[in-house]
Amino acid sequence: MSEKLKECFKEGLKGERHKGLKKIAVNTDRVKGHLEKAIHNLKAMTAFKEIGFSDWSASAAFYCLYHCLLALIAKEGYESRNQICTFALIEDMIEKGKVSLTKEDLKEIFDKDVTIDLEHSNKILDLRENWQYSTKTALEDEEFLELKDRVKNLFDKMRKDIER
C-alpha cells in the first residue's frame, strides 16, 4: 500500500468533511446510486450543450466519470471523501488487477504528474476546473464532441467493471 493511501485511510478515520478514505460494508444500492448519478451527468453534458451552457458540460463530464470511480470503490467496500484519495485507491486497484481500467485511462481523468501549465492540460479534471473558473461560456463544437467521446469511452469501460 502506498504512503498516500495510508495517509488517506488515516484521514478517513477522523471523519472530517472532504478527508480521506473509509472501509465500509459493500452496499449494492450505493454502487447502483453512483452509476445512476454517472448516467445522469452523462446526459447532462448533452443537455447543457443543447441549452447553450456547454461550459457546464465539462463539469458534468468530470462528475460522470468521478461517480463511476466512486461506484468502483464502493463495490470494493470503500467510501471516499477526497478526490486525490479516490484516484490513489483506483490506482491501487489497477495495480492489483481489480479493474480493467488502466493507469493511462486514469491519466485521462487526472494525472498527478501534471503540475505546470494546468490551463493547457487536456485532463478531464483540469478541463472541468479551467471551464468552471474561466470567463468563457461555450465549448466549441469540436471541443465538446471530443470531450463527449473521451468521457463515453471511459464511462463504458468502467460501467462494465461496475456491472460485473
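It should be emphasised that the depicted structure is a prediction, and the values quoted were computed from it without experimental measurement.

Draft legend 1. Summary view of a nonpolar patch on the surface. On the surface, a cluster of nonpolar side chains totalling about 340 Å² of accessible area is made up of Ile51, Phe53 and Trp56. By the element assignment, Phe53 lies in the loop between helix H2 (28-50) and helix H3 (55-75). Take Phe53: its relative accessible area is 44%, and that puts it in the partly exposed class.

Draft legend 2. Local environment of the state of the cysteines. Scanning the entire structure with this criterion turns up one disulfide. Two residues share a disulfide in this structure: Cys8 and Cys85, whose sulfurs sit 2.1 Å from each other. The chirality of the disulfide connecting Cys8 with Cys85 is left-handed, given an S-S dihedral of about -85°. One end of the pair, Cys8, is in helix H1 (residues 3-14); the other, Cys85, is in helix H4 (residues 83-95), and 77 residues separate them in sequence. Both residues of the pair, Cys8 and Cys85, belong to the buried class. Here Cys68 stays free of any disulfide, with the sulfur of Cys64 as its closest cysteine sulfur at 5.1 Å.

Draft legend 3. Looking closely at the side chain of His34. In this structure, His34 sits in helix H2. Aside from chain neighbours lying at most four places away, what touches His34 is His67, Leu70 and Ala71.

Draft legend 4. Seen up close, a negative patch on the surface. On the surface, Glu140, Glu142, Glu143, Glu146 and Asp149 cluster together into a patch of negative charge. Looking at where Asp149 falls in the secondary structure, it is placed in helix H7 (residues 141-163). The exposure class assigned to Asp149 is exposed, which follows from its relative accessible area of 52%.

Draft legend 5. Representation of the pattern of salt bridges. Inspection of the entire model under this criterion finds 17 salt bridges. The shortest N-O distance in the salt bridge between Glu79 and Arg30 comes to 3.0 Å. Highlighted residues: Glu79 in strand S2 (residues 78-80) and Arg30 in helix H2, separated in sequence by 49 residues. Residue class for Glu79 comes out buried when judged on its relative accessible area of 18%. As a salt-bridge pair, Lys103 and Glu95 come within 2.8 Å of each other at their nearest N and O atoms. Residue Lys103 is classed as partly exposed on the basis of its relative accessible area, which comes to 35%. Look at the salt bridges and you will find they share partners, linking Arg30, Glu79 and Arg81 into a network.

The rules we used
- Residues numbered from 1 in each chain as written.
- Predicted model: local features only at pLDDT ≥ 70, side-chain atom pairs only at ≥ 80, totals over all residues.
- Heavy atoms only, no water.
- Patch = residues over 30% accessible without salt bridge, like charges linked within 9 Å, V, L, I, M, F, W, Y side chains within 5 Å.
- Areas by Shrake-Rupley, 256 points an atom, 1.4 Å probe, with all protein chains shown as cover.
- Salt bridge = Lys/Arg side-chain N within 4 Å of Asp/Glu carboxyl O.
- Helix = DSSP H or I, 4+ residues; strand = E, 2+ residues; numbered from the N terminus.
- Buried < 20%, exposed > 50% of the residue type's maximum accessible area, 1.4 Å probe, protein only.
- Disulfide = S-S within 2.5 Å.
- Contact = heavy atoms within 4.5 Å.
- Lys, Arg positive; Asp, Glu negative; His and termini not counted.
- Charge placed at Lys NZ, Arg CZ, Asp CG, Glu CD.

Purely geometric stuff here, so don't read any function into it on its own.
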